[in-house]
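Tertiary structure, described
Residue-level listing of the chains:
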Amino acid sequence: MTHSAHASDQLNHAGGPVPGSQGTRFGFFTDTSVCIGCKACEVACKEWNQVPERTDTGFTGDSMDNTGDLGADAWRHVAFIEQPHGHDAMSRAGLGPPIIDAARHAGNGRAGLEWFGQDPGLPPGAHGAEAIPQLPVFNGEPASPAEDGFRWLMSSDVCKHCTQAACLEVCPTGAIFYTEFDTVVVQDDVCNGCGYCVTACPYGVIERRSPGQPGGGGAFKCTLCYDRMKGSQQPACAQACPTDSIQFGPLEELRARADVRADELIEAGVPGVQLYGHDPSDGVGGNGAFFLLLDEPEVYGLPPDPVTPTRNLGEIWRWIGVAAAGVVAAAGAAVLGGDR
Amino acid sequence: MNADPAPLGEVAASAPVDGRVGHPPEVRSYYARPVIKEPAWTWEVPWYLFAGGLAGCSSVLSLAARLAGHDALADRARLIAAGAVVACPPLLISDLGRPARFYNMLRVFKPTSVMSVGSWLLAAYSTAAAGAVGLSRWGRLPRLRAVADTAAGGLGAVMATYTGGLMADTSIPVWHEARRELPILFGSGGLASAGSAAVLLSPRGSAEPARRLAVTGAGSELVVENVMRRRLGMVGEVYERAEAGRYHRAAQVATLLGGGAMAAGRHRPWLARLGAVSVLVGSLAQRWSVFKAGFQSARDPQATLAPQRARLNRGEGHRESSRS
């Protein structure tokens, strides 16, 4: 892949923001169609940000995903979804071809799926290259990988850096703030661990770290590598991503690029293609970190229609007012009513 | 190809539509894992909800009783309010992840955060409620005492109800979708417990208005709680399950029996007092059931996903459904 992903005058040769780019909104475009699930992003994030080991780490037994979800100690999380033929959204609904057909017809060489179902094999002379490949067995029957239509959906999830960030709006200490790059960051030295942000986030991203861990008791989440951005570096996960599935840059540019990419994939017949979080008119005012998905958001563990709870703040205060007036009225009636 | 096993990592897309109002079909999820986080809050929070309601409504009762000339009741309710409000700051502070930094709450005033407004409210209200008691003991500065009484009464009404909005201003479905009912429910519970506490602690013969207030509060609590669950539909079913369900049933029984006993106890003080204890227990159990319901609701991916998907399918969502 070319480094067209970095062809911005707001980015330096290392893919970081150029000095003086403060005031520009930066973000992530995560193109899940080219994610290979390598988890380099998870590792790079943990390394750079010194995110401690999870206290509840374990073997999920669900898939290759043993991280499970985002949290105080997981700021990137790679989701794995295994979909046998016919279980993806489109072919089940009879709305489109299974992905294998799309891959077969992705002839223009731009969809990035040309390899799909075709085992390139090992180069001649390599150890094991002469061995006869074993056909995978699926549902009890041998099936060639070209025909079983099985697909893996992989997606590196991250804090969405909402335009109207619920965590920030409900934070009673002002610990959470918008940076000069319009990202959402927790100031650890201000946070008193009230946990209100944890209940407010519609994506289940931010979390209070367990006591005993470094920084325990405070709320933690992705900072979009605020420290690296200030040092004109791109975030660690984006730099580590080997397929440019995680792209960092000025949000406007990323949005334009995502539109082009989505159209390419749709033209190639890939089923279920949709952008998630790119639309500033959605329930959170759009995300600073948005996604190209190959199935409905809920399949990836993302809420399909997230809304910042503070959008209903007017209604909430109105009903508090109604209730308070009711309390006063009831007390008045109690002392005045009856025959004393 | 219908012989396929259920797709890995997905809840089967079968739609158990049972015709109940607000029961959207089950949607696919990521290995049935929760979408949102459970609250980080601990046992202090439901006790705070209870103590804040008891204190706030006691101040309102005290002010109303003073204005209507029931001085004995007013004095006692003022004491109850101060006693209950003393418990509030320690409860809230010990619930923090970093209690030593509690004062950061008063670093900013943020109208978008119900907790921020609530912190300032608690600071102002507790000053007024405690000040009123202190001044009345001291016996001087009667005008300032009257100002403190009035302030405590006015702020107390909000103190008893804002906690409903505190829970509602979150992404927890069973709390956020109950944003109309929760303040009224907590206000009702506050009235019921303030009335009951005054019945138990007031001099003989002076507690009749408090008894009436407790009966009103208990009845309102039962009605509002029912309305809330009905309107929540599928999301409200957590009130029938596990811990939230047990607290909810306990609250219903205790409030119903206690409220009934208090209603019948006008000329039987012992019955009114017995009922008052039961109503207090019911009001506390009610807060615990709401608190626990939030955790259960957050754990259930369907509570988050199904209403959102249904909203999108109806064309009432905030984003376009997929390009399909």
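What to know about the overall build of chain A
- Of the regular secondary structure elements, chain A holds 10 helices and 12 strands.
- With an accessible surface of roughly 13500 Å², chain A has 56% of that area assigned to carbon and sulfur atoms.

A few points about empty space enclosed by the protein
Residues and elements named next belong to chain A.
- Counted according to the given criterion, the structure contains 6 cavities of 30 Å³ or more.
- In this structure, the largest cavity spans a volume of roughly 190 Å³.
- What lines the largest cavity is a set of 19 residues, and nearest its centre among them are D69, H77, D157, Y300 and G301.
- In the lining of the largest cavity, the residues fall into 9 nonpolar, 5 polar and 5 charged.

Considering the pattern of salt bridges
Residue and element names in this part refer to chain B.
- Tallying each qualifying case throughout the model produces 33 salt bridges over all chains.
- Linking E237 and R241 is a salt bridge whose minimum nitrogen-to-oxygen distance equals 3.8 Å.
- Owing to a relative accessible area of 13%, E237 belongs among the buried residues under this scheme.
- Residues joined by salt bridges that share partners form a network here, namely R66, D71, D75, R78, R145 and D149.

With respect to the environment of V284 of chain A
Residue and element names in this part refer to chain A.
- One can find V284 in the loop between β11 (274-276) and β12 (289-293).
- For V284, a relative accessible area of 0% translates into the label buried.
- C-alpha of V284 to C-alpha of I316: the two residues are 32 residues apart in sequence and 18 Å apart in space.
- For V284, the contacting residues outside a window of four places in its chain are C162, T163, Q164, P202, Y203, P306, V307, T308 and R311.

Concerning the packing of helix α3 (residues 114-138) of chain B against helix α4 (residues 142-159) of chain B
All names here are of chain B.
- Look at α3 against α4: their axes get within 8 Å of each other, and the N-to-C directions meet at 140 degrees. Judged by the twist between their axes, the crossing of α3 over α4 is left-handed. Side by side, α3 and α4 meet where L121, L122, A124, Y125, A128, A129, G131, A132, L135 and S136 of the first sit next to L144, R145, A148, D149, A151, A152, L155, G156, V158 and M159 of the second.
- Within the contact of α3 with α4, the residues separate by chemical class into 15 nonpolar, 3 polar and 2 charged.

What counts and what doesn't
- Along every chain, residues carry numbers that run from 1 in the direction the sequence is written.
- For naming, the first written chain is A and the first written ligand is 1, with later ones following in the order written.
- With the structure being a predicted model, the display of local features is reserved for residues of pLDDT at least 70 and the display and counting of side-chain atom pairs for 80 or more, all residues being used for whole-chain, interface and lining totals.
- To obtain the side-chain values, all non-hydrogen atoms of the structure were used and water was disregarded.
- Helix numbers and strand numbers start at the N terminus; a helix is a DSSP run of H or I with at least 4 residues, a strand a run of E with at least 2.
- Here the accessible surface of atoms and residues is derived via Shrake-Rupley with a 1.4 Å probe, and residues count as covered only by protein chains that are part of the display.
- Put simply, the grid is 1 Å and covers the protein atoms alone, a cavity is a trapped set of points that fit a 1.4 Å probe, a pocket is an open set with protein on both sides within 12 Å along at least five of seven lines, and lining residues have an atom within 4 Å of a point.
- Grid points are joined across faces, edges and corners, and a volume is the space filled by probe spheres set on the points.
- Asp, Glu, Lys and Arg are counted as charged, while Ala, Val, Leu, Ile, Met, Phe, Trp, Tyr, Cys and Pro are counted as nonpolar; the rest, among them Gly, fall into the polar class.
- Just to be clear on terms, a salt bridge is a Lys or Arg side-chain nitrogen sitting within 4 Å of an Asp or Glu carboxyl oxygen.
- Per-residue accessibility, obtained with a 1.4 Å probe over protein chains only, is compared with the maximum for each type, and a residue is labelled buried under 20%, exposed over 50%, and partly exposed between these values.
- Only heavy atoms enter the contact rule, under which two residues are in contact if any of them lie within 4.5 Å.
- For every element, the axis is a line fit to its C-alpha atoms; helices are fit only across the contacting stretch, and the angle between N-to-C directions ranges from 0 to 180 degrees.
- Rotating anticlockwise by less than a right angle from the far helix to the near helix defines a left-handed crossing, while the corresponding clockwise rotation defines a right-handed one.

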